[in-house]
Amino acid sequence: MDKGMRIAINTGGGDAPGLNAVIKAVVMGADSRNWEVYGIKNGYAGLLNTDEMFRLTPAMVHDICSLGGTILGTTNKGNPFKMPITNLAGETEIRDVSDKVMDNFKRLRFDCLIAVGGDGSLEIAYDFFKKGMPVIGVPKTIDNDIRATVITFGFDTAVNIATEAIDRLHSTAKSHDRVMVVEVMGRNAGWIALHSGVSGSANVILIPEIPFDIDKICDHVSELELQGHHYAIVVVAEGAVPLGGRVIDKGNGEVGRQHVVLGGVGEYVAKEIARKTGKDTRSLVLGHLQRGGSPTTFDRLMGLRFGAAAVRMAEEKKFGTMVALNPPVVTAIPLSDVIGNIKRVPTDIDTIKTAREIGISFGD
Ligand code: F6P
């Protein structure tokens, strides 16, 4: 009889609603094959300090599908290939501690790591695969910007939250004859802004893929005014850029972060509209509200399907691949095809054409 597999699972990068559904499906799928699953806490930290690792049983996961966040914890710091280490003199240096992760993985006799993460975490998973670790990736991000999969779980929940927020802004904007600018997540791709903006009847949508001209936005607002529409809703992705300008960020924050913290473009756009049109203007940032809380039905199902597929792929020893949705099937895509490039919104996509045809401006 075949020896049962010992599976390790971690979640890395920003959390996304649906992560716990993946964990549940992995644990249940493995248990049905008499395999064991171990949860690695906080990305790869649990493979460096193995005290932060624990056996996951069906009893622990049976009711976690409806929970936001991840029961394993996550981080967007702590890449083992570029780990910031503070020495006794208080100086921080970047070291490669990936060999220690490999040693622990082998010592604990794991047969597979199921790495659930976004582009950064999947790249780390691929680097470990190249070092000999049997890895299967599961794509996760509310931004929906991972290549080779039509959708990632977390996106649907984030879009629903953003759409509901935009819906709520209409009445207050209309009551005050104001321009409301709402900044949503989407650092490299404008999927959340596009889907929520179109569905929430925004007047202007700004996405990283289409640099915006502030004068065009103001012309659109003024045109609406002439038509007797005295308020406007502008949805802006955090990674949207002014024509000829650059992305607005808040700097790196802590040492070893995998990305700079974006934010501020909504406020910039609001100020410019107020200055150029004289309209009363307010801005707000939805931020992590889009990531928190219970996943939608769609994201739960997507997470369960991805988790179950990852176990099937482990059984078939399809290491070095990522689970992907290519409707109607969930399939395995080589990690090498996925990393190093993200899925941006094609500017000729039907949803953008639809938006333009229903009167939405992209500031271009
Ligand atoms: O990548 C997903 C994302 O939600 C981005 O849209 C956002 O820029 C980033 O995570 C923020 O992550 P954190 O605040 O956790 O660093």
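As the structure is a computational prediction, the values presented were derived from the model and not from experiment. (Residues numbered from 1 in each chain as written. Predicted model: local features only at pLDDT ≥ 70, side-chain atom pairs only at ≥ 80, totals over all residues. Heavy atoms only, no water.)

Visitor: I'd like a rundown of the packing of aromatic side chains, residues and numbers included.
Guide: As enumerated under the stated definition, the model contains 6 aromatic pairs in all. Summarising the aromatic geometry, the rings of F81 and F128 are spaced 4.7 Å apart at their centres and angled 50° between planes, so their arrangement reads as tilted. Of the two residues, F81 is situated in the loop between α3 (58-61) and β4 (83-86) and F128 in helix α5 (residues 119-130); the sequence distance between them amounts to 47 residues. Like F128, F81 is buried. Ring centres 5.6 Å apart and planes at 50° place the aromatic pair F105 and F110 in the tilted group. Here the two residues F105 and F110 agree in accessibility, since each one is buried. A network of ring pairs unites the aromatic residues Y38, F105 and F110 as a single cluster. (Phe/Tyr/Trp six-rings, centres within 6.5 Å; stacked < 30°, edge-to-face > 60°. Helix = DSSP H or I, 4+ residues; strand = E, 2+ residues; numbered from the N terminus. Buried < 20%, exposed > 50% of the residue type's maximum accessible area, 1.4 Å probe, protein only.)

Visitor: Describe the sheet that holds strand β12 (residues 321-326), and please don't skip the residues or the numbers.
Guide: Read across the sheet, 7 strands follow the order β3-β2-β1-β6-β7-β12-β13 without closing on themselves; strand pairing throughout is mixed. Across the chains shown, the open sheet's two edge strands, defined by having one partner strand only, are β3 (53-56) and β13 (329-334). Each adjacent strand pair in this sheet contributes to an overall mean axis angle of 30°, direction not counted. With 5 bridges joining them, strand β1 (residues 6-11) and strand β6 (residues 112-117) adopt parallel strand pairing. Within β6, the residue paired with T11 across the bridge is V116. Packed onto the sheet, α5 meets β6, β7 (135-139) and β12 and runs at close to 170° relative to β7. (Pairing = 2+ DSSP bridges. Axes fitted to C-alpha atoms, helices over the stretch in contact; angles between N-to-C directions. Contact = heavy atoms within 4.5 Å.)

Remember that the coordinates give geometry; whether it matters functionally is a separate question.
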